[in-house]
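Survey of secondary and tertiary structure
Listed below, chain by chain, are the residues.
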Amino acid sequence: MTAQAHASYGEYYREVELHWCWRRGKQMIVSPIEFDAMESWYQAEIPLPVVLRAIDLFIEKKNKSSRRKGTLLLNQVDSTVQKVHREYDILHQGEGESEENGDLLGKKLKSIQRRLKKMLPEVPDQAALIEHSIQALAAVDVAGIVDIDTIDARLQEIENALIEAFTAALSTEELQYMRQDIEELLPEAEEPKLFAKMLQDSVRDHFGLPRFNLLS
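A brief structural summary.

Conventions used here
Residues numbered from 1 in each chain as written. Predicted model: local features only at pLDDT ≥ 70, side-chain atom pairs only at ≥ 80, totals over all residues. Heavy atoms only, no water. Core = buried A, V, L, I, M, F, W, Y, C linked by side-chain atoms within 4.5 Å. Buried < 20%, exposed > 50% of the residue type's maximum accessible area, 1.4 Å probe, protein only. Helix = DSSP H or I, 4+ residues; strand = E, 2+ residues; numbered from the N terminus. Contact = heavy atoms within 4.5 Å. Patch = residues over 30% accessible without salt bridge, like charges linked within 9 Å, V, L, I, M, F, W, Y side chains within 5 Å. Areas by Shrake-Rupley, 256 points an atom, 1.4 Å probe, with all protein chains shown as cover. Salt bridge = Lys/Arg side-chain N within 4 Å of Asp/Glu carboxyl O. Lys, Arg positive; Asp, Glu negative; His and termini not counted. Charge placed at Lys NZ, Arg CZ, Asp CG, Glu CD. Axes fitted to C-alpha atoms, helices over the stretch in contact; angles between N-to-C directions. Parallel < 35°, antiparallel > 145°, perpendicular 65-115°, else oblique. 1 Å grid on protein atoms, 1.4 Å probe; cavity = no way out; pocket = protein on both sides within 12 Å on 5 of 7 lines; lining within 4 Å. Points joined across faces, edges and corners; volume = space filled by probe spheres on them. Nonpolar A, V, L, I, M, F, W, Y, C, P; charged D, E, K, R; others polar.

What follows covers the nonpolar core. One finds Val16, Trp41, Val77, Leu116 and Ile130 to be the most contacted residues of the largest nonpolar core, which totals 63 residues. Per-element accounting of this core gives the leading share, 9 residues, to helix α3 (residues 48–64). In contact with Leu116, other than residues within four places in its own chain, are Ile130, Ser133, Ile134, Leu137, Leu162, Pro210 and Phe212.

Structure, rendered in structure tokens:
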């Protein structure tokens, strides 16, 4: 590998490892078999957002299950990674303008809107902002989409504004607790961008905000 490829792999590995630890709620040492799974995803050129989203879905499913969880290993996420990657490929094959994919994207956006509408009675103080986000999602021109990166960026803008407002609604104590919890795993000074992402995840989980994500 070139020096640039090594750097790219290092970032890939670190984000996957930290996201896995973060979603498990504890710091862990990745075993050789788990490392092999990450290596296989990287070599297969599976995008980092796909792996991170697959981890989210895997943990969410495990948390909802009434069965005893047992020992969870990162390599067990592989089937979910492959599923999410197949969907990612469908969305990124340059067919965004087709009727079939347009319907798929439309359904994804409507699903996010429905989840936001369900939140309205629970957070009346933020109702206006949620309504604004719903309207922004409804205004996305699905039929005119020619590349998925554009809609991903737009969804990120809407989501960031929503999370920023909900972050401001936290008490000083709540926000401090969240930051301290993340600091135990990742010092902010070490990885400020990744720290900010984890803080967003904490705020999202705290309020039950949906993920503005087209993957599953």
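Here we come to a positive patch on the surface. On the surface, Lys64, Lys110, Arg114, Arg115, Lys117 and Lys118 cluster together into a positively charged patch. The dominant element in the positive patch, judged by the number of residues it contributes, is helix α5 (residues 99–119), at 5 residues. On the secondary structure map, Lys64 appears in helix α3. Using a relative accessible area of 73% as the deciding quantity, one classes Lys64 as exposed.

Once that is clear, we can look at the packing of helix α6 (residues 127–138) against helix α7 (residues 148–168). With their axes 10 Å apart at the nearest point, α6 and α7 run at an angle of 180° to one another. Accordingly, the angle class assigned to the pair α6 and α7 is roughly antiparallel. Listed contacts from α7 to Leu129, Ile130, Ser133, Ala136 and Leu137 of α6 are Arg154, Leu155, Ile158, Ala161, Leu162, Ala165 and Phe166.

Looking now at the layout of surface pockets. Estimated volume of the largest pocket: approximately 690 Å³. Of all the elements in the fold, those that place two or more residues in the lining of the largest pocket are α1 (3–24), α3, α4 (78–91), α7 and α9 (192–207). Per-element accounting of the lining of the largest pocket gives the leading share, 7 residues, to α7. Counted by class, the lining of the largest pocket contains 10 nonpolar, 6 polar and 10 charged residues.

Moving on, we come to the pattern of salt bridges. Enumeration over the complete set of coordinates arrives at 14 salt bridges. The partner of Glu157 in a salt bridge is Arg154, and the shortest N-O contact between them spans 3.0 Å. Here Arg154 and Glu157 lie together in helix α7, a separation of 3 residues that amounts to about one turn. Here Arg204 makes a salt bridge to Glu159, at a shortest N to O gap of 2.6 Å. One end of the pair, Arg204, is in helix α9; the other, Glu159, is in helix α7, with 45 residues separating them in the sequence. The class of Arg204 is buried, set by a relative accessible area of 5%. Judged by relative accessible area, Glu159 falls into the buried class, the value being 5%. Counted as one network, the salt bridges with shared partners bring together Arg23, Asp56, Glu159, Lys197, Asp201, Arg204, Asp205 and Arg211.

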